[in-house]
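# Structural features, examined
Each chain, written out:
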Amino acid sequence: MTEDFLLVRETSEIPRSGSVADAAVRVRGLVKRYKDGTEANRGIDLELHPGELISILGPNGAGKTTFLRQLTTELRPTGGSIQVFGVDAVAGPQQARQLMGITPQDAGVFGSLTVSEHFEMFARLKGLGRIAARQQAVEVIESLGLAAETQKRVSLLSGGQRSRILIGLALLGRPPLLVLDEPTTGLDPASRMAVWGVIRRAVTDGAAVILSTHYIEEAERLSDRVGIISRGRLIACGPLDELLGRLERSYRLSYRDPFDPFGKLCECYFASFVEAQRAVARAQLSEYSITRATLEDVYFKLAGEHFAGEQVTE
Amino acid sequence: MRRLSDIVCVFRIQLMSMRSEIGPFLLAALVFPSAMYLFAKAVSSTSATEQTQLRFLAGSIVFSLSLTSISWLGYLLLENRFTGRLKLFATSALAPSSYICGFLLFAFAQASIATTTLLLMGRLFGLQMRPSLLPLALVVTLSVLCLCGLGVVIAARARSFTEGSLLTDALGAGLVFLAPVYYPPEMLPHGVRAVSQLLPTAFAARAVETTLAGSYHVGAELIVLSFMAVVSLAFGFSLTRWREN
């Protein structure tokens, strides 16, 4: 089923209409093969439009970061093409980068600089004048809830606050494309919410955003479309409802096994709520819940493995 | 214009970062070389000639340039690369050459402070000199470029932070002690002498000593240092890329 789905997605999902310049990002047949023969990306096609946010999901090693690093021109593709607002990102990486705000994974910050210095300096590096850089720095600092920390040295901030700085740096200059590689990893729930707000505002203002994440909830709440990468291939890409609708059995029954001395947690899937209820009655379950399938279930069905390697018995 | 602004930004970021690293900078650029000057003077003889003392001061200036340009600059470049800070520059549409030029500007600033202070220190220790300033500035500039090139190459090629910092430290000090900087070349064994006199620090020390004595005859050294600077920087620039294969 997974393979059939895969073929359907790759041939029909991506809209073919519109000129190259209409799309914020147009990726075709992207392949990355490393020297040791590992194929990290195996023919990825993707299109993203202004004012749209797409989340890229997938477990560690699936090829998400490799994909984003090629998109941000950090890594040279082995094959395929990448266009950013009509600019060939493979041939003209610097020109393409000028259109992007990027939050790379594992980026560091300058601990000796204050928060405002950090933002002002990197705003200048994005081509803003002194006054504009200062204004943008103030705006971004406020939007990320770092106003109280403006004059603090970055080395004195918490890990979450530093992560917010990295996200803020991507927003400087209001780039039309944001590429965020796991931007909220390690943030506490309140910080994450603040970051979500900032990202959604950027989308509302017309920015195209591509975001990789390990958090299903983040993808569900933020995305216009969700892409799932598994073993180097984009095995699904579409709006959340559409992806959920592709599940044949979209109701999940979770229950404690009444015959297991430790009350092992079990799950099984049904095509309808009524069917799930019948199963409950048949098995005379006392401790159970019936919920709609989630993005994780979609991932499981498509990729044949659980997201983030969770173990679930059935 | 944009490129110039980028270079100044990189320079300013490094300058701001130095606020918390002023101690190690003073140690590398001034304290260590000054101590070496006093040490060399003490062990040479009780009555070191004026010319010998000029060589010691020239040696200390070159020592300072070597420590700040190779060890210190290399360390900063390595730190940026291995702590993820380089990604901030690489993702900001900054050209790799502007990044390196910003560092070179930073190295010039350090070299100017260190050389001026060491010259003043020489005066303070009673050394009589009438340095020819223009050639001295040229020699210092070319030496910094040449030595920075080596730092850039190590920072770009090192496989780990530890490997890189060990190499920059070893080279920063080693190039000074291997070359006849604090002692005359005749004191070296024959086999080593020829090689050591080809080191950039040997040319730099000879040229600095000549300019400290008030002479302008440093043409040959300037040509060699220019050549070395072009080669090392060209190699360093070619290795500094934002994009991996």
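Placed above this text is the structure.
Structure report, in brief.

This next bit is on the overall build of chain A. Secondary structure assignment for chain A yields 11 helices and 13 strands. A separation of at least 24 residues holds for 67% of the contacts in chain A among residues at least 6 apart in sequence. For chain A, the exposed surface amounts to about 13,700 Å²; the carbon and sulfur share of it is 50%.

On to the interface of chain A and chain B, then. With 35 residues of chain A at the interface, the matching set in chain B holds 29 residues. Carbon and sulfur atoms supply 55% of the area that chain A and chain B bury against each other, a total of about 3,000 Å² over both sides. When residues of chain A are sorted by the area they lose upon contact with chain B, Phe110, Met121 and Leu125 of chain A head the list and together hold 24% of the total. Viewed at the interface, chain B and chain A are joined by 1 salt bridge. The closest approach of N and O atoms between arginine 19 of chain B and glutamate 117 of chain A, which form a salt bridge, is 2.7 Å. Summed over the shared surface of chain A and chain B, the number is 10 residue pairs in polar contact (both at pLDDT 80 or more). Breaking the side of chain A that touches chain B down by element, the ones donating at least two residues are α3 (93-97), α4 (115-125) and α6 (159-171) of chain A.

This paragraph deals with the pairing of strand β2 (residues 39-48) of chain A. All names here are of chain A. By the criterion of burial, β2 is predominantly enclosed, with 7 of the 10 residues buried. Relative to β2, strand β1 (residues 25-33) runs antiparallel, the two being bridged by 7 bridges. Pairing of arginine 33 across the sheet is with glutamate 39, part of β2. Connecting the antiparallel pair β1 and β2 is a turn made up of 5 residues, with glycine 37 showing a positive phi of about 95°.

Right, let's get into unusual backbone geometry. All names here are of chain A. Even without being a glycine, phenylalanine 85 presents a positive backbone phi close to 50°. Following the sequence through the fold, phenylalanine 85 ends up in the loop between β4 (79-84) and β5 (87-88). For glutamate 182, which is not glycine, the phi torsion reads 45° and is therefore positive. You can see glutamate 182 is positioned in the loop between β7 (177-181) and α7 (189-204).

Moving on: the packing of aromatic side chains. Enumeration according to the criterion identifies 13 aromatic pairs over all chains in this entry. Measuring from ring centre to ring centre gives 6.3 Å for phenylalanine 110 of chain A and phenylalanine 122 of chain A, while their planes differ by 35°; the resulting arrangement is tilted. In this pair, phenylalanine 110 of chain A sits in the loop between β6 (100-103) and α4 while phenylalanine 122 of chain A sits in helix α4, placing the two residues 12 residues apart along the sequence. For the residue pair phenylalanine 110 of chain A and phenylalanine 122 of chain A, the accessibility class agrees, reading buried in each case. Aromatic side chains phenylalanine 63 of chain B and phenylalanine 177 of chain B sit 5.4 Å apart centroid to centroid with 65° between the ring planes, which places their arrangement in the edge-to-face category. Here phenylalanine 177 of chain B lies in helix α7 (residues 161-178) and phenylalanine 63 of chain B lies in helix α3 (residues 50-82), a separation of 114 residues in the sequence. For phenylalanine 63 of chain B, a relative accessible area of 2% translates into the label buried. Classification of phenylalanine 177 of chain B by relative accessible area gives partly exposed; the value is 40%. An aromatic cluster is defined as three or more aromatic residues linked by ring pairs; in this entry it consists of Phe110 and Phe122 of chain A together with Phe89, Tyr99, Phe103 and Trp242 of chain B.

Right, let's talk about helix α5 (residues 130-143) of chain A for a bit. Given 3.6 residues per turn, any residue in an α-helix points the same way as the ones three and four places further on. Residues and elements named next belong to chain A. For α5, spanning 14 residues, the distance from its first C-alpha to its last is 20 Å, which sits close to the expected 20 Å at 1.5 Å a residue. Taken as a whole, α5 has its buried residues at Ala133, Gln136, Ala137, Val140 and Ile141. Within α5, the buried residues cover an arc of 130° as seen down the axis, which keeps them to one side. Away from the buried face of α5 by more than 90 degrees, exposed residues Ile131, Gln135 and Glu142 are located.

All names here are of chain A. Ordered by their spatial adjacency, 3 strands build an open sheet running β12-β11-β13, and the pairing between neighbours is antiparallel. The open sheet has two edge strands with one neighbour each: β12 (265-270) and β13 (288-292). Adjacent strand axes in the sheet meet at a mean angle of 20°, parallel and antiparallel pairs treated alike. One ladder, built from 5 bridges, connects strand β11 (residues 251-256) with β13; its direction is antiparallel. When the bridges of β13 are listed, serine 254 appears paired with serine 289. Helix-sheet contacts for helix α10 (residues 273-283) involve β11, β12 and β13, and the interaxial angle to β13 is about 170°.

Moving on: the pattern of salt bridges. Residues and elements named next belong to chain A. If you walk through the whole model with that rule in mind, you get 17 salt bridges over all chains. Note that arginine 174 and glutamate 139 form a salt bridge whose closest N and O atoms lie 2.7 Å from each other. Residue arginine 174 is located in the loop between α6 and β7, and its partner glutamate 139 is located in helix α5; the two are separated by 35 residues in the primary sequence. Look at glutamate 139 and you get partly exposed, because its relative accessible area is 41%. Between aspartate 224 and arginine 200 there is a salt bridge, and its shortest N-O distance comes to 3.9 Å. Pair noted here: aspartate 224 is in the loop between α8 (216-222) and β9 (225-230) and arginine 200 is in helix α7, with a separation of 24 residues, a long-range link. Where salt bridges share partners, they join Arg26, Arg28 and Glu47 into one cluster.

Calculation rules
- Residues numbered from 1 in each chain as written.
- Chains lettered and ligands numbered in written order.
- Predicted model: local features only at pLDDT ≥ 70, side-chain atom pairs only at ≥ 80, totals over all residues.
- Heavy atoms only, no water.
- Helix = DSSP H or I, 4+ residues; strand = E, 2+ residues; numbered from the N terminus.
- Contact = heavy atoms within 4.5 Å.
- Areas by Shrake-Rupley, 256 points an atom, 1.4 Å probe, with all protein chains shown as cover.
- Buried area = accessible area lost by both parts, 1.4 Å probe.
- Salt bridge = Lys/Arg side-chain N within 4 Å of Asp/Glu carboxyl O.
- Polar contact = N/O pair within 3.5 Å; in protein donor to acceptor, adjacent residues only side chain to side chain.
- Buried < 20%, exposed > 50% of the residue type's maximum accessible area, 1.4 Å probe, protein only.
- Pairing = 2+ DSSP bridges.
- Phe/Tyr/Trp six-rings, centres within 6.5 Å; stacked < 30°, edge-to-face > 60°.
- Expected span 1.5 Å × (residues − 1).
- Arc of directions from axis to C-beta.
- Axes fitted to C-alpha atoms, helices over the stretch in contact; angles between N-to-C directions.

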